[in-house]
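# Fold and geometry: a report
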Amino acid sequence: MTRPLLSPLTFEPLFMERVWGGRRLESLYGKQLPPGKSIGESWEITDREEAQSVVRQGPWRGRTLHELWLEHRPEIFGDGLPDAPRFPILAKLLDARETLSLQVHPPASVAASLGGQSKSEVWYFADAEAEAEIFAGLRRGVTPEQFSQALDLERVADLVPRFPVRTGDSFFVPSGRLHAIGGGNLIVEIQENSDTTYRVYDWARADDGGEPRQLHREQAMQAIDFSDFEPALVRPDGEVIVRCPQFTVEKWELAEPRRAHDLPFFALFFCLSGAVEMGETRLQPGEFFLVPAAAHETRLQPGSKNTSLLRITQPPR
């Protein structure tokens, strides 16, 4: 039997019903969704008071991510990472059957004053339907005054660039960037451990009770970076998709065995295609797993041809 800390940790997903969600996490990845629900998000790795990942199998089964972070940090996560009261990364899968609201996450400079938390995130488009698109940033020269007037006239979408996306594309959303995910996108989202979102426009959509969904116009106007003009899709630097102070996201084409990490720190992986094996564990597309720091030298084995992974790590302090 593989020693506990030399095996990857897998967690039970938490499914979130959303008015814009669908059922593709079931049809594409075989996830057992609750029947009759529009599931927009699957929180795969989360350490929040209101949402807690629980180890799915093995000797650590039933332990929460928060318990591991507090009680076993050196051996599971590594000694020397930035200190934080909770595991600092939140990993999700998003199924956008419809377009999400036009929204913004506050930068650290204003988040506390607005009663929220900063959040930067990266999107990897795991499955984009034909004509799928996103909205992001502002058209060049748009001022806060023009933006506010457009909100009054319900024409704000005219001020936000929209551009097509394809399967395999990536996009970075630093805090302060106005954005909306278009319908037809299934996305792997890696973000700071925050759940602060200010909706500024929601396409006149109603909630389940038939009422307009709540907007956060005042907070959003303070959080939007009004110098963020005409952003573009990520152009990867080799394997690196995004490197920022909060996390690094890479895409690996796993053609041969490879160590999980060169340093004694944790690494998160998401299987995009093929299959990956580590010890006695085999992961399929649609699954996340956490390789403990104590197992960083253990090699990941491709379980089939054309195995590709996302790897998520955190820079040491």
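None of these values were measured; they are calculated from a predicted model.

## Remarks on the side chain of T46
By the secondary structure assignment, T46 is in the loop between strand 2 (39–45) and strand 3 (47–48). Within the local environment of T46, its side chain forms a polar contact with the backbone oxygen of A51, the two atoms lying 3.2 Å apart. Apart from the residues within four sequence positions on either side, T46 is in contact with L14, A51, Q52, S53, L65 and L90.

## So, the sheet that holds strand 10 (residues 170–173)
Spatially, six strands are ordered 1-2-5-12-7-10 in an open sheet, and the strand pairing comes out antiparallel. Each edge of the sheet is formed by a strand with only one pairing partner; in this case those strands are strand 1 (14–22) and strand 10. Strand-to-strand twist across the sheet, computed as the mean angle between neighbouring axes with direction ignored, equals 25 degrees. Across four bridges, strand 7 (residues 121–128) lies against strand 10 in antiparallel orientation. In the sheet register, V122 faces strand 10, and the bridge partner there is F172.

## Here we look at the pattern of salt bridges
If you walk through the whole model with that rule in mind, you get 29 salt bridges. D95 serves as the salt-bridge partner of R24, at 3.8 Å between the closest nitrogen and oxygen. Of this pair, R24 sits in helix 1 (residues 24–29) while D95 is found in strand 5 (residues 89–96), placing the two residues 71 residues apart along the sequence. With a relative accessible area of 2%, D95 lands in the buried category. K92 is the partner of E41 in a salt bridge, and the nearest nitrogen-oxygen pair spans 3.2 Å. Residue E41 is found in strand 2, and its partner K92 is found in strand 5; the two are separated by 51 residues along the sequence. Each member of the pair, E41 as well as K92, carries the same accessibility label: buried. Put simply, R97, E98, D202, R205 and R213 are held in one network by salt bridges that share partners.

Quick notes on the rules
- Residues numbered from 1 in each chain as written.
- Predicted model: local features only at pLDDT ≥ 70, side-chain atom pairs only at ≥ 80, totals over all residues.
- Heavy atoms only, no water.
- Helix = DSSP H or I, 4+ residues; strand = E, 2+ residues; numbered from the N terminus.
- Polar contact = N/O pair within 3.5 Å; in protein donor to acceptor, adjacent residues only side chain to side chain.
- Contact = heavy atoms within 4.5 Å.
- Pairing = 2+ DSSP bridges.
- Axes fitted to C-alpha atoms, helices over the stretch in contact; angles between N-to-C directions.
- Salt bridge = Lys/Arg side-chain N within 4 Å of Asp/Glu carboxyl O.
- Buried < 20%, exposed > 50% of the residue type's maximum accessible area, 1.4 Å probe, protein only.

Purely geometric stuff here, so don't read any function into it on its own.
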